[in-house]
Amino acid sequence: MTLNSPKFTKINESFTCAVCHFQVPKAQTTCRDHCPKCLYSLHVDNYPGDRESICQGVLKPVSYSQNKKKGIMIHYVCEKCHQTKVNKFLEHDTFCPDDYEKLLSLTSE
């Protein structure tokens, strides 16, 4: 699924992290959907950016992997419905890069 996919709605906005309360800024070049400090996210989308999930649970980062095209990917499990999700780790965002030490504390797949 790409930014140009009909199932991808581009939303790049600042928000307050529901877990650590960090004021998360917009991403530099893409959409940010997780906290760069604690890496947690919220289960608000069925498809990226649609904001149509009825779950609204907390997405806990549990592991990471390397994708040849997208780079490092964070793997999540929803603490409410247990659905799994994957999001891109934003290591090169000049506004506020994701915390690499926090990523390394997760299990590598």
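This section reports on the structure supplied with the text. It should be emphasised that the depicted structure is a prediction, and the values quoted were computed from it without experimental measurement.

Let us now look at the environment of A18. By the secondary structure assignment, A18 is in the loop between β1 (15-16) and β2 (23-24). Expressed as a C-alpha distance, the spacing of A18 and L106, which sit 88 residues apart in the sequence, is 20 Å.

Side-chain pairing between opposite charges can occur once the charged atoms of the two side chains come close. The tally for this structure, following the rule as stated, stands at three salt bridges. D98 is paired through a salt bridge with R32; the nearest N and O atoms lie 2.9 Å apart. With D98 in the loop between β6 (84-88) and α1 (100-104) and R32 in the loop between β2 and β3 (41-42), the pair connects residues that are 66 residues apart, well separated along the chain. Residue class for D98 comes out buried when judged on its relative accessible area of 5%.

It is worth spelling out the pairing of β6 at this point. Side chains K85 and N87 project from β6 onto a buried face, and the interleaved T84, V86 and K88 project onto a face without burial. Direction of pairing for strand β5 (residues 71-78) relative to β6: antiparallel, over a ladder of five bridges. Bridging across to β6, V77 finds its partner in T84. Where β5 hands over to β6, the hairpin turn is made up of five residues, of which H82 adopts a positive phi near 70°.

Cut-offs used in this document
- Residues numbered from 1 in each chain as written.
- Predicted model: local features only at pLDDT ≥ 70, side-chain atom pairs only at ≥ 80, totals over all residues.
- Heavy atoms only, no water.
- Helix = DSSP H or I, 4+ residues; strand = E, 2+ residues; numbered from the N terminus.
- Salt bridge = Lys/Arg side-chain N within 4 Å of Asp/Glu carboxyl O.
- Buried < 20%, exposed > 50% of the residue type's maximum accessible area, 1.4 Å probe, protein only.
- Pairing = 2+ DSSP bridges.

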